[in-house]
Amino acid sequence: MTATDRPAFQLPGSTPERGDLIPFRQALRTWFAISLQTFGGPAGQIAVMQRTLVEEKRWIGQQRFNHALSYCMLLPGPEAQQLAIYTGWLLNGTRGGLAAGTLFVLPGVVALLALSALYVGLGTTIAVTGLFAGLAPAVVAIVAQAVWRVGRRSLTHPLLVGLAVASFVALALFQVPFPVVIMVAGAAGWLIARWAPGVFEPAAHGAGDDGPPPLIPDDALHHERPSRRRALRIVLIGLLLWAVPVAAVAVLTGSGSVFTTQGLFFSGTALVTFGGAYAVLAYVAQQAVQTYGWLSAGEMVRGLALAETTPGPLIMVVQFVAFLGAYRDPGSLDPWVAALLGALLTTWVTFVPCFLFIFLGAPYIERLRGNRHVSAALSGITAAIVGVIANLALYFAEHTLFTTVDDHTFGPLHLAVPDLATFRPVALGIAIVAVVLIFRVRWSVLRTLGVCAGLGLTAALAGLTGN
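Here we summarise the structure given alongside this text. (Residues numbered from 1 in each chain as written. Predicted model: local features only at pLDDT ≥ 70, side-chain atom pairs only at ≥ 80, totals over all residues. Heavy atoms only, no water.)

Per the counting criterion, the structure on display carries two salt bridges. Notably, a salt bridge pairs Glu56 with Arg51, separated by 3.6 Å at the nearest N-O pair. For Glu56, a relative accessible area of 51% corresponds to the exposed category. Look at Arg51 and you get partly exposed, because its relative accessible area is 33%. A salt bridge links Glu299 to Arg328, with the shortest nitrogen-to-oxygen separation between them at 2.6 Å. Of this pair, Glu299 sits in helix α11 (residues 297–308) while Arg328 sits in helix α12 (residues 317–328), and the two are 29 residues apart along the sequence. By relative accessible area, Glu299 is classed as buried at 8%. (Salt bridge = Lys/Arg side-chain N within 4 Å of Asp/Glu carboxyl O. Buried < 20%, exposed > 50% of the residue type's maximum accessible area, 1.4 Å probe, protein only. Helix = DSSP H or I, 4+ residues; strand = E, 2+ residues; numbered from the N terminus.)

As structure tokens, this is what we get:
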């Protein structure tokens, strides 16, 4: 290995050496292979990177992998993609981070664009109707599994359980804005840590890192030191890349066009997507369905089902939302051109911030080994996320198991009450099958979706999907 091939790391007291840790082409092949395996949500995606980068190739040690993941968990946005950007930056610098983050989402972008187009073009056929009749109930079980997994890991104290319940009540009954719930939960976590520090257990870092030494030693420091000049440069470039496309569509199509609205709305959601896609989807669904009318509640569930079947972050469902919204309100453009423009713009403003956050913060995080106050705020947010995801599960269950759901308001109290006469027994039956397959048989998400899609298609061909 020559000096230019060595990692951009230094041991304490040594001289930094710049360059790629591994050949860039080899890194590209590895990240592309990882991107094709990123099914099953963030847990599965992180597991794929853990197996490939930590256990098989030994490019990064377990402690540094966990340290990077801890930072990504603090950020809004898909933590698995941000972890890919962070690790790519460690291995090959800025271009490595750009390549890793882009390749991580590219297969999902292409696949979901194709599925969205098929849905718009063929959505009224019996086959497509049947497939979605099976996928939607399965999504209810998948979201319920997310509630269970996150809750089991994070609700380790009655106070944290109380935060989860409070967030659920605030969203489900009082329609408190999602960003407010997140901010209050973070402040509550910080206060709890000050008053009762024993509530939060310190995060366990993997000690059992067996095998040959990794190429990036755990005690090495990245050569790229944090500085005000560097931070200002990254912020300016990142904000320009983020804002210019939105400004361009505002100038070309008008400030009131669906493209400008989608660009601004999804730019905002990119800043509050703490806790993964499930946490913010209830807010996205509420705004996209009730405020903007881009799609129906049932279609929101179908979009999530499509996103579950494609590789990449689950937040990619916003691309489906934008595709339908722009197709149905194209302005002066051809509907298909409008749909493509809306979907790509939404994807851009959703994922560009991930690169900005990592490139800006990673050099600082490399020189931190834990901050108790930040960790406590994160723990409060994570506890609240359980209630947020539970609210999403309730929303999807009501709109999947019943054809009609009526909204009732009693002062500050808002209730979504399903019409019992519109109950769908077939949907309930498929949902029960999905619950059994996921919780009892422990099948993968993709395998469960395949079975439920088959059941929905069978019911459609038998004329039962109207029930």
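The subject of this paragraph is the side chain of Gln145. Structurally, Gln145 is set in helix α5 (residues 126–154). Dropping the residues within four chain positions of it, Gln145 is found in contact with Ile438, Phe439 and Val445. (Contact = heavy atoms within 4.5 Å.)

What follows concerns helix α9 (residues 258–270). Here α9 contains 13 residues, and its C-alpha end-to-end distance of 18 Å stays within 8% of the 18 Å for a straight helix at 1.5 Å per residue. The buried fraction of α9 amounts to 10 of the 13 residues, a majority that puts the element mostly inside the structure. Among all positions of α9, only Val258, Phe259, Thr260, Gln262, Gly263, Phe265, Phe266, Ser267, Thr269 and Ala270 are buried. (Expected span 1.5 Å × (residues − 1).)

As a further point, take the packing of α12 against helix α13 (residues 335–365). At a closest axis distance of 7 Å, the pairing of α12 and α13 adopts a crossing angle of 145°. You can see that α12 and α13 cross each other, and the crossing is right-handed. Residues Val318, Gln319, Ala322, Phe323, Ala326 and Tyr327 of α12 form the contact with α13, whose own contacting residues are Pro335, Trp336, Ala338, Ala339, Leu340, Gly342, Ala343, Thr346, Thr347 and Thr350. When its residues are assigned to classes, the contact of α12 with α13 shows 11 nonpolar, five polar and no charged. (Axes fitted to C-alpha atoms, helices over the stretch in contact; angles between N-to-C directions. Left-handed = near helix turned anticlockwise from the far one by under 90°. Nonpolar A, V, L, I, M, F, W, Y, C, P; charged D, E, K, R; others polar.)

Let us now look at the packing of aromatic side chains. Applying the stated criterion across every chain yields a total of 12 aromatic pairs. Consider the rings of Phe265 and Tyr283, whose centres lie 6.0 Å apart with planes at 40°: the pair is tilted. Separated by 18 residues along the polypeptide, Phe265 in helix α9 and Tyr283 in helix α10 (residues 277–291) bring together distant segments of the chain. Phe265 sits in the buried class, given a relative accessible area of 8%. Three or more aromatic residues joined by ring pairs make a cluster, and in this case those are Phe265, Phe266, Tyr283, Tyr292 and Trp294. Across from the ring centre of Phe24, 4.1 Å away, lies the NZ or CZ of Arg95, which sits over that ring. (Phe/Tyr/Trp six-rings, centres within 6.5 Å; stacked < 30°, edge-to-face > 60°. Lys NZ or Arg CZ within 6 Å of the ring centre and 35° of its normal.)

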